[in-house]
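Residue strings, one per chain:
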Amino acid sequence: MIAVLKQGTTEAQTQHLIEWLKNQQLDVHISQGKEVTILGLIGDTSRVDMELLGSLDIVETVKRVSEPFKQANRKFHPLDSIVRVGNAEIGGGNFAMIAGPCSVESEEQIIEVATAVKSAGANVLRGGAFKPRTSPYAFQGMKDAGIELLVKAKYATGLPIVTEIMNISTLDLFADVDMIQVGARNMQNFDLLKELGKTKKPILLKRGLANTLQELLMSAEYIMSEGNENILLCERGIRTFETVTRNTLDLSAVTVLQELSHLPVIVDPSHATGKARLVPPMALAAAAAGADGLMIEVHNNPSCALCDGAQSLTPVQFAELSQKVQQIREVIQ
Ligand code: PEP
Ligand code: MN
């Protein structure tokens, strides 16, 4: 981090500021030009309050020259991380094909979808039990009964399972869940992130509706700072002025996140577009961009789905897509 001091700052004021910075366990490198003085702050600057420093009378500007996320940073961990979810490995060239319904609705539904997506090449089963819905009157998920059915589908198919947590008080219900999802709406629920950091469960961390990539990485850092390094980052579309699609898929996020971090990066084209016909082309584009995986909503009867039917593929559509994804991966490898 560097701080550029205003012209006319006296020697005494500069020394006073340096003392204050040193008291924060930072070393200070002074670059004394003819007109301006620049202070280079060395050490763990992640705890420095940039706004406070920038608001001081003698400070012109403050700039970060290193990222505030450390454990998630590729600079500190050059090799790709591989996250193990049940019997699936994700990252470092291993692709995650996560598929399943938006919500678990019944035993028949989840077993039918699980069996179909498995034979089409999925290696992780998804299914929501606790659903964060915009309306309190919409279907809120089957909750603990939903998790029980998902676990049944896991034992019936051998697929590891991922499902969303909304409140840490329900953590005990996730004992047989292989990966816990933190949804877009909870990406900055820091208390939840910290508690999940104390578990060893893989975490699927989705980007918030209006969050920057740096904010996503800082949320991963919250989990990692408590000791849990098993994280998948998920781009799922962000809120823009566009209304044709549910969200706007930010595909450059894949490359940017992979440059900045060693954590696997997956894409959810279902929530990003909100429309089933847009899911295959965006899924293929994500695979072509080098994503470490996809998460796709699949329903055995999308027109009757209790949640997100419009963006759900049928098992047949998913099987076709899965083959094409495989072909794209062979081309780019
Ligand atoms: C989901 O994956 O079920 C979901 C609710 O997604 P998001 O948090 O990205 O909206
Ligand atoms: Mn959904």
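The text that follows walks through the structure, step by step, so that each part is easy to find. (Residues numbered from 1 in each chain as written. Chains lettered and ligands numbered in written order. Predicted model: local features only at pLDDT ≥ 70, side-chain atom pairs only at ≥ 80, totals over all residues. Heavy atoms only, no water.)

The next thing to look at is the packing of aromatic side chains. Going through the model one piece at a time under the given rule, you end up with two aromatic pairs. Arranged with centres 6.3 Å apart and planes meeting at 20°, the rings of F130 and F174 form a pair that is stacked. Taken together, the positions of F130 in the loop between β8 (124-126) and α4 (144-157) and F174 in the loop between β9 (161-164) and β10 (179-182) put the pair 44 residues apart, joining distant regions of the chain. One exposure class covers both F130 and F174, and it is buried. (Phe/Tyr/Trp six-rings, centres within 6.5 Å; stacked < 30°, edge-to-face > 60°. Helix = DSSP H or I, 4+ residues; strand = E, 2+ residues; numbered from the N terminus. Buried < 20%, exposed > 50% of the residue type's maximum accessible area, 1.4 Å probe, protein only.)

So, about the environment of L321. Within the element layout of this structure, L321 appears in helix α10 (residues 315-332). A residue is classified by how much of its surface remains accessible, and L321, at 2% relative accessible area, is buried. Spatially, the C-alpha atom of L321 lies 9.1 Å from that of A120, the residues being 201 residues apart in sequence. When neighbours within four sequence positions are excluded, L321 is seen to be in contact with P280, A283, L284, I296 and L313. (Contact = heavy atoms within 4.5 Å.)

Around ligand 1 lies a shell formed by R126, K131, E164, Q181, G183, A184, R185, K206, R236, H271 and M295. In the environment of ligand 1, an oxygen atom lies 2.9 Å from a nitrogen or oxygen atom belonging to the side chain of R185. Here an oxygen atom of ligand 1 and a side-chain polar atom of R236 are 2.6 Å apart. Compared with its free state, where it exposes 290 Å², ligand 1 has 97% of that area covered by protein. Here the shell around ligand 1 is composed, by residue class, of two nonpolar, three polar and six charged. (Near = heavy atom within 4 Å. Polar contact = N/O pair within 3.5 Å; in protein donor to acceptor, adjacent residues only side chain to side chain. Areas by Shrake-Rupley, 256 points an atom, 1.4 Å probe, with all protein chains shown as cover. Nonpolar A, V, L, I, M, F, W, Y, C, P; charged D, E, K, R; others polar.)

Another aspect to go through is the pattern of salt bridges. Using the criterion set out here, one finds 12 salt bridges in the structure. Here K154 ties to D178 by a salt bridge, and the two come within 3.1 Å at their closest N and O atoms. Placement of the pair is K154 in helix α4 and D178 in the loop between β9 and β10, with a sequence separation of 24 residues. Taken together, the shared-partner salt bridges connect R207, E235 and D250 into one network. (Salt bridge = Lys/Arg side-chain N within 4 Å of Asp/Glu carboxyl O.)

Read around the closed barrel, eight strands run β7-β8-β9-β10-β11-β12-β13-β14, paired in parallel fashion. The average undirected angle you get between the axes of adjacent strands in this sheet is 25°. Sheet contacts for α10: β7 (96-100) and β14 (293-297); angle to β7, the most-contacted strand, approximately 175°. (Pairing = 2+ DSSP bridges. Axes fitted to C-alpha atoms, helices over the stretch in contact; angles between N-to-C directions.)

A rise of 1.5 Å per residue sets the reference length of α4, with its 14 residues, at 20 Å; its end C-alpha atoms lie 20 Å apart and thus fit the reference within 8%. Of all the positions in α4, only G146, I147, L149, L150, V151, A153, K154 and T157 are classed as buried. Taken together, the buried residues of α4 touch α3 (107-119), β8 and β9. Looking one or two residues past α4, G158 carries a phi angle of roughly 85°, positive in sign. (Expected span 1.5 Å × (residues − 1).)

The subject of this paragraph is the pairing of β10. Burial of β10 is two-sided: the residues M179 and Q181 facing one way and the residues I180 and V182 facing the other way are all buried. One ladder, built from three bridges, connects β9 with β10; its direction is parallel. Residue V162 lies in a different strand from β10, and its bridge partner there is M179. Relative to strand β11 (residues 203-206), β10 is paired through three bridges, and the arrangement is parallel. When the bridges of β11 are listed, I180 appears paired with I203. The β-α-β motif built from β10, the intervening helix α5 (residues 190-197) and the parallel element β11 has right-handed crossover chirality. (Right-handed = clockwise from strand over helix to strand, strands pointing away.)

Within the first shell, the manganese ion (ligand 2) binds the protein through C102 (SG), H271 (NE2), E297 (OE) and D308 (OD), at distances of 2.0 to 2.4 Å. Between the donor residues of the manganese ion (ligand 2), the gaps in sequence give the motif C-x168-H-x25-E-x10-D. Placement of E297 in strand β14 and of D308 in the loop between β14 and α10 is noted, with a sequence separation of 11 residues between them. As far as burial versus exposure is concerned, E297 and D308 are alike and both buried. (Donors = N, O, S within 2.8 Å, 3.2 Å for Na, K, Ca; no water.)

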